[in-house]
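Next come the chains, spelled out residue by residue.
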Amino acid sequence: MTVASGGEAALWEAVARQASVWADLPVIRRFAAQLPRNASQRSLGLPGLLQHVTASGGEVAGRPLRSGTNVPQMLSIVGDGVPSVDQGVLHQWLEDASYVEGVHRVTIAWLRSRLPRYPQLPAPQLGRGTPLTTDEFTYRLPWTREELAAGFQFQDPPTKPLQVLGATEQQAARAGEAARQLALALAGTAQWQRLHAADAALSPDDRAELIAARKAIADALKSAVVDAHEPDLAIPRDAYRQQVVADAVGALTGPASDYADSFDAADRLIELAASDVFGQLAVYGAVGLTGVTDLAAHGEEPGTVEFTVEDTVHLDPGSIVWLDDPLLPDAVHLTRLGFTFDQAEGMRVRGVGRPLVGTATVWSRPAP
């Protein structure tokens, strides 16, 4: 059903190598042990609290390495019925989550610094107030001014921050080398090569068009304008930011349009591979599914698949799964789950996800 290029296989091999290094770090192990999918139960204590946060939209399951930000935000707004947790235990876990996210974000910032012309990228998506730069709620992994000014483009992979995760000198060196190999693998993908080509093709007029779009986005996303659209609710405010960017990028022409689209694809690949998939492998691992039926090579978006499986294993949006269907040899990154019940078949799960093309050749399939 899918055919891998050498670039895709090399990318997933590098992601798995980096995840294996992180999975052995003491703070990562302590942090991961309390996550609902890893705990012996997910109803009481800290795992129960985190399950409640997950059910409320906190993305603990799908994006665990962002829990240092997401969980405190959710704890400030969740309602009644939250499981009680010893405050010392909660404080320690939140501190671990903050350390994990902090080191992860530094690593992502260094990978982003490998993009052409960093930090002077003319991408309109990096205008002030966009989903990639806002200080408010966003589904994206933000770019910060501090990171852009840190000079990562002149530095080796950051290893000193790993000390807060309990890394030994040898583990930190391995993590640094894994990050270097991941950067090389990203550079070999079609998305990054397209961005390099699009950047090289820009004329002064094209760059001026991109900068003008960036300014228009910043003007449309000033605090007063966003407040006038929606003063309080985080998700509508985020949706407005997304629409402003989409409208401005959609109005671009020629090489400027190609550059903006290429930047978006390259940056989303970083998030998918080096954050979402990497985070799943580092703290959860992959899941082997049996009894898969009704596999269809289409889903919510082009390039996604759908399948049905019995409700016998705990899955979450974001999980990495392997299907026991020879038509799909690669692992799948789940994006959505639905549940149905009938008297004959019982509870069934309908999954939607994106095949990670090339993983069949470089990852080991877990036992079901």
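Everything below is about the structure shown above.
Parameters and conventions
Residues numbered from 1 in each chain as written. Predicted model: local features only at pLDDT ≥ 70, side-chain atom pairs only at ≥ 80, totals over all residues. Heavy atoms only, no water. Helix = DSSP H or I, 4+ residues; strand = E, 2+ residues; numbered from the N terminus. Contact = heavy atoms within 4.5 Å. Areas by Shrake-Rupley, 256 points an atom, 1.4 Å probe, with all protein chains shown as cover. Lys, Arg positive; Asp, Glu negative; His and termini not counted. Charge placed at Lys NZ, Arg CZ, Asp CG, Glu CD. Phe/Tyr/Trp six-rings, centres within 6.5 Å; stacked < 30°, edge-to-face > 60°. Buried < 20%, exposed > 50% of the residue type's maximum accessible area, 1.4 Å probe, protein only. 1 Å grid on protein atoms, 1.4 Å probe; cavity = no way out; pocket = protein on both sides within 12 Å on 5 of 7 lines; lining within 4 Å. Points joined across faces, edges and corners; volume = space filled by probe spheres on them. Nonpolar A, V, L, I, M, F, W, Y, C, P; charged D, E, K, R; others polar. Arc of directions from axis to C-beta. Expected span 1.5 Å × (residues − 1).

Bringing the overall build of the protein chain into the picture now. Across its full length, the protein chain holds 13 helices and six strands. In terms of overall dimensions, the protein chain has C-alpha extents of about 60 × 50 × 50 Å along its principal axes. Within the protein chain, counting contacts between residues at least 6 apart in sequence, those at least 24 apart form 73% of the total. Surface summary for the protein chain: the accessible area is close to 16800 Å², and the carbon and sulfur share equals 54%. Side chains of the protein chain carry 30 positive and 44 negative charges; the gap between the two charge centres is 5 Å.

Aromatic rings considered in pairs are described by the distance between their centres and by the relative angle of their planes. Overall, the coordinates contain seven aromatic pairs when judged by the stated rule. Summarising the aromatic geometry, the rings of Trp22 and Phe278 are spaced 5.2 Å apart at their centres and angled 85 degrees between planes, so their arrangement reads as edge-to-face. Taken together, the positions of Trp22 in helix α1 (residues 6-23) and Phe278 in helix α12 (residues 254-283) put the pair 256 residues apart, joining distant regions of the chain. The class for Trp22 is buried, based on a relative accessible area of 2%. On the basis of an interplanar angle of 80 degrees and a centroid distance of 4.8 Å, the ring pair of Phe137 and Tyr139 is categorised as edge-to-face. Given the relative accessible area of 35%, Tyr139 is considered partly exposed. Three or more aromatic residues joined by ring pairs make a cluster, and in this case those are Trp12, Trp322 and Trp363.

Right, let's get into empty space enclosed by the protein. Tallied over the full model, the rule gives two cavities of 30 Å³ or more. Taken as a whole, the largest cavity encloses approximately 50 Å³ of empty space. Residue lining of the largest cavity: Gln18, Trp22, Val103, Thr107, Pro157, Pro158, Leu162, Ala175, Gly176 and Ala179, and that is the complete set. Split into classes, the residues belonging to the lining of the largest cavity amount to seven nonpolar, three polar and no charged.

Next up on the list: helix α4 (residues 67-75). If you check which residues of α4 are buried, you get Ser67, Asn70, Val71 and Met74. When α4 is viewed along its axis, its buried side chains cluster within an angular range of 95 degrees and face the same direction. Residues of α4 that are buried in the fold lie against α2 (26-33), α3 (45-55) and α5 (87-112).

When the terminal C-alpha atoms of helix α9 (residues 204-220) are compared, their 24 Å separation across 17 residues agrees well with the 24 Å that a helix rising 1.5 Å per residue should span. Buried within α9 are the following residues: Asp206, Leu210, Ala213 and Ile217. The buried side chains of α9 occupy one side of the element, clustering within an arc of 60 degrees when seen end-on. Opposite the packed face of α9, turned more than 90 degrees from it, sit the exposed residues Pro204, Asp205 and Lys215.

Remember, this is a structural readout, not a statement about activity or role.
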